[in-house]
Amino acid sequence: MNIKVCQKLTLFYYNLKNSFYSPQSTLSLPFSSKPINNILVCLPESLEDFRAAKTQLPTLTEVFQSSTISLLLKTDYLKLTNGARNYRLVAYSSDEFDIRGLPKKSLWQKLAPQLFEITIDFNAEFKLPIAALCRKINSPFRLTFAKPNDIVFFNIILQISGNKDYTTKLKSLLHYLQAIVGREKSLNNQAFNPVNSRISS
């Protein structure tokens, strides 16, 4: 059985599982009641998008000044991080996911010691292995851009209006994060219905 067929079966399983899931009426955001200690950011697999995302990381650091931010990135991109001293780097290779698109023990052990209150996927396109990893980590707040099958793996989906370039989309996502952590009052302390958790920008 080839990889594409296996991953389609994995996606079918998650969709089926999600169809039987009865969500809470609201989703409590973990920002005001307790400190955010650990955040996982999944950097893009696309090299062009990776370079763009790297330039926006200081904004993320400013938003979460007292948090430890871990960056999940392809091993090949480590040389492009210039040390990234303000971040914990977690590198992965394609062989750390099995044929189903699920993380193997070697990758999971790099992440499992940490409890991530927030997980953010910076990939503009749907990547099943990354999405499945985010679901397995099971942070109370899992954010990504709107894309096919996103609601199965994430509970906050950012819908960007219009045909925007990646950098503009990423800036909108970071602006949204600034809003909900209290930098802007308009979205602070809101609760979201997980079934309708698409936020337009």
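Above this text is the structure in question.
The structure presented is a predicted model; accordingly, all values stated were derived computationally and were not measured.

### Quick notes on the environment of I160
With respect to the secondary-structure elements, I160 resides in the loop between β6 (156-159) and α6 (166-180). Residues I160 and F145, spaced 15 residues apart in sequence, show a C-alpha to C-alpha distance of 7.6 Å.

### Focus: helix α4 (residues 128-137)
For an α-helix, the turn length of 3.6 residues means that residues three or four places apart are oriented alike. Among the ten residues that make up α4, nine are buried, leaving the element largely enclosed by the rest of the structure. Of all the residues in α4, the buried ones are L128, P129, I130, A131, A132, L133, C134, R135 and I137. Where α4 terminates, the next one or two residues include N138, which has phi positive at roughly 60°.

### Some remarks on the nonpolar core
Note on soluble globular proteins: their nonpolar side chains tend to be buried together. In terms of nonpolar packing, the biggest core is built from 34 residues, with I120, F122 and L177 touching the most fellow members. Counting only elements with at least two residues in this core, the list comes to β1 (38-42), α2 (47-63), β2 (68-74), β4 (118-121), β5 (141-145), β6 and α6. Top contributing element to this core by residue count: α6, with seven residues. When sequence neighbours within four positions are dropped, the list of residues in contact with I120 reads I39, L40, V41, C42, L60, L143, L173 and L177. Membership of the second largest hydrophobic core comes to 21 residues, among which are Y92, L111, L128 and A132.

Cut-off values and rules
Each chain has its residues counted from 1, running along the sequence as written. Reporting of local features is limited, given that this is a predicted model, to residues whose pLDDT is at least 70; pairs of side-chain atoms are given and counted only at 80 or more, and all residues count toward the totals for whole chains, interfaces and linings. Here the side-chain values reflect all heavy atoms present in the structure, with hydrogen atoms and water set aside. Secondary structure elements are defined from DSSP: runs of H or I of at least 4 residues count as helices, runs of E of at least 2 residues count as strands, and each element is numbered from the N terminus. Between buried and exposed lies partly exposed: a residue is buried under 20% and exposed over 50% of the maximum accessible area for its type, with that area taken using a 1.4 Å probe on protein chains only. To define a nonpolar core, start from buried Ala, Val, Leu, Ile, Met, Phe, Trp, Tyr and Cys residues and group those joined through side-chain atoms within 4.5 Å. Throughout, a residue-residue contact means that at least one pair of heavy atoms, one from each residue, lies within 4.5 Å.

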